[in-house]
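# Residue-level structural notes
Listed here are the chains, written in short residue letters.
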Amino acid sequence: MNELINKFDKVILFFIIYTLTFVLLCKSLNYALPFILAYIFSLILKKPTELLINKFKIKKWISALITTLVFFTMIIFILSFGITSLTKEAIQLGKNTQTYLTNNSNNIYNFFENLKVYYNNLDPSIINAIEKNLFGSLSKISNFTMLVTSKIIQSVISFLTYIPYLLMVILFTLLSTYFFTKDLASTKNRLLNYVSSDDQSKLQNIITQCKKMIITYLLSYLLVISITFVETMIGFLILRVKYAVLLSIVAAIFDILPILGIGGIYIPLALLYLFINKNYFVAIGIIVWYIIVTIIRQILEPKIVSSSLGIHPVSVLAAIFIGLKVNGILGMFFCIFLVVFYKVLKGVDVL
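## Looking at the packing of aromatic side chains
For the structure shown, the criterion picks out 15 aromatic pairs. Judged by centre distance (6.4 Å) and plane angle (85°), the rings of F15 and F334 are edge-to-face. Pair noted here: F15 is in helix α1 (residues 2-27) and F334 is in helix α11 (residues 313-347), with a separation of 319 residues, a long-range link. Given the relative accessible area of 17%, F334 is considered buried.

Spelled out as structure tokens, the structure:
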């Protein structure tokens, strides 16, 4: 009984500390963002920097400078390409949506006329209601597409106004990353200096396991999502699907969701080409590519994520639902990381 009470007290203490840390982090994020990003980047660059120091006998400050500059060059290139492509395709999508619906109104009308075969024996009032809902849905889809496109364009314009601030953040992040990387390379954890020798090995194990599990978990899923993005873009470019980059980004985002997955993009897109565009080759190609990407994901994901936290999908679903219900996106992140950190501390026998 005492053991159960003790364990319950630890869980309560963990929840309080985690909540206070999360709130403090969110409140101070505007001021601490460059340094938080810099520390995360320095953890990523620690191994490459140590490799340059130990294998090629390059001085510590030169190694840290090389890895930092290469890393930031890659990030800036990827972000520039992504933002440019996304903005260009979003503008094209907005321009072409109304034109497409106008030019293909006959095909859309014929499609709904063919549907009448399946509900011809229904009551006329029900048929009228169905037709109104179907055409109303088309109008809503068109308006929604235009709304999303305008929001993206507004976001890009708003983003451009923050360029001076972003340049300052990038500069401070770059400099802080360099100094953090230089200090972390080939140095032991300084926190151990403040702990007694008896507890050093235990604390070292906890720190090591926490870093390993969290970084492995995040990077493994980032790799899975990146593979999905690249595979989707390759397939859509081969099939000459319009807005390949935009759809690939959305598919990668959908890949995170436990229920929808990439099918939330592939299947509606295939139906669009099958029934509206009458392009059977592209429709079949999208379905075939969807099967290929799904099979590759099922083969690669267990191998990539085998050493990660292994959180049950139901736990993730519960965290997403409860978080969104309580406080939107911020609440979702709170609940997800609550589950992640609880699993980490439970794995190292702290809880």
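Still more to cover.
## Considerations on the packing of helix α8 (residues 244-254) against helix α9 (residues 263-276)
Packing of α8 against α9 leaves a shortest axis separation of 8 Å and a crossing angle of 135°. The orientation of α8 relative to α9 falls into the category oblique. Note on element contacts: α9 touches α8 through G264, I265 and L269, opposite L247, V250, A251 and F254.

## What to know about unusual backbone geometry
The residue K57 is not glycine, and still its phi comes out positive at about 55°. Structurally, K57 can be placed in the loop between α2 (29-55) and α3 (60-103). A relative accessible area of 69% places K57 in the exposed class. Located in the positive-phi region is Y243, a residue other than glycine, with phi close to 60°. Tracing the chain through its elements places Y243 in the loop between α7 (197-238) and α8. Given a relative accessible area of 15%, Y243 falls into the buried group.

## Structural notes on helix α6 (residues 163-184)
The end-to-end C-alpha distance of α6, which contains 22 residues, comes to 30 Å, matching closely the 32 Å that a straight helix rising 1.5 Å per residue would cover. Turning to α6, its buried residues are V169, T173, S176, T177, Y178, T181 and L184.

## Some thoughts on the nonpolar core
By size, the foremost hydrophobic cluster in this structure holds 18 residues, and its most contacted members are F236, V241, L247, Y266, L269, Y273 and I286. Counting residues per element, this core draws most heavily on α9, which supplies 5 residues. Dropping the residues within four chain positions of it, Y266 is found in contact with T232, F236, I286, W289, Y290 and V293. Residues F22, C335, L338 and L351 belong to the second largest nonpolar core, which totals 9 residues.

## Quick word on the packing of α2 against α6
Two elements in contact, α2 and α6, have axes whose closest approach is 7 Å; the angle formed by their N-to-C orientations is 40°. Classified by the interaxial angle, the pair formed by α2 and α6 is oblique. Our pair here, α2 against α6, has a crossing hand that is right-handed. Here the contact of α2 with α6 is built from residues that sort into 13 nonpolar, 7 polar and 2 charged.

## Section: the confidence of the model for the protein
Here the protein averages 76 in pLDDT, and 66% of its residues register 70 or above. The spread of mean pLDDT over the elements of the protein runs between helix α5 (residues 124-161), the lowest at 62, and α2, the highest at 86.

## Quick look at the side chain of R297
Note that R297 resides in helix α10 (residues 280-304). Separated by 2.6 Å, the side chains of R297 and D255 make a polar contact.

Rules of the game
- Residues numbered from 1 in each chain as written.
- Predicted model: local features only at pLDDT ≥ 70, side-chain atom pairs only at ≥ 80, totals over all residues.
- Heavy atoms only, no water.
- Phe/Tyr/Trp six-rings, centres within 6.5 Å; stacked < 30°, edge-to-face > 60°.
- Helix = DSSP H or I, 4+ residues; strand = E, 2+ residues; numbered from the N terminus.
- Buried < 20%, exposed > 50% of the residue type's maximum accessible area, 1.4 Å probe, protein only.
- Axes fitted to C-alpha atoms, helices over the stretch in contact; angles between N-to-C directions.
- Parallel < 35°, antiparallel > 145°, perpendicular 65-115°, else oblique.
- Contact = heavy atoms within 4.5 Å.
- Expected span 1.5 Å × (residues − 1).
- Core = buried A, V, L, I, M, F, W, Y, C linked by side-chain atoms within 4.5 Å.
- Left-handed = near helix turned anticlockwise from the far one by under 90°.
- Nonpolar A, V, L, I, M, F, W, Y, C, P; charged D, E, K, R; others polar.
- pLDDT = per-residue confidence, 0-100.
- Polar contact = N/O pair within 3.5 Å; in protein donor to acceptor, adjacent residues only side chain to side chain.

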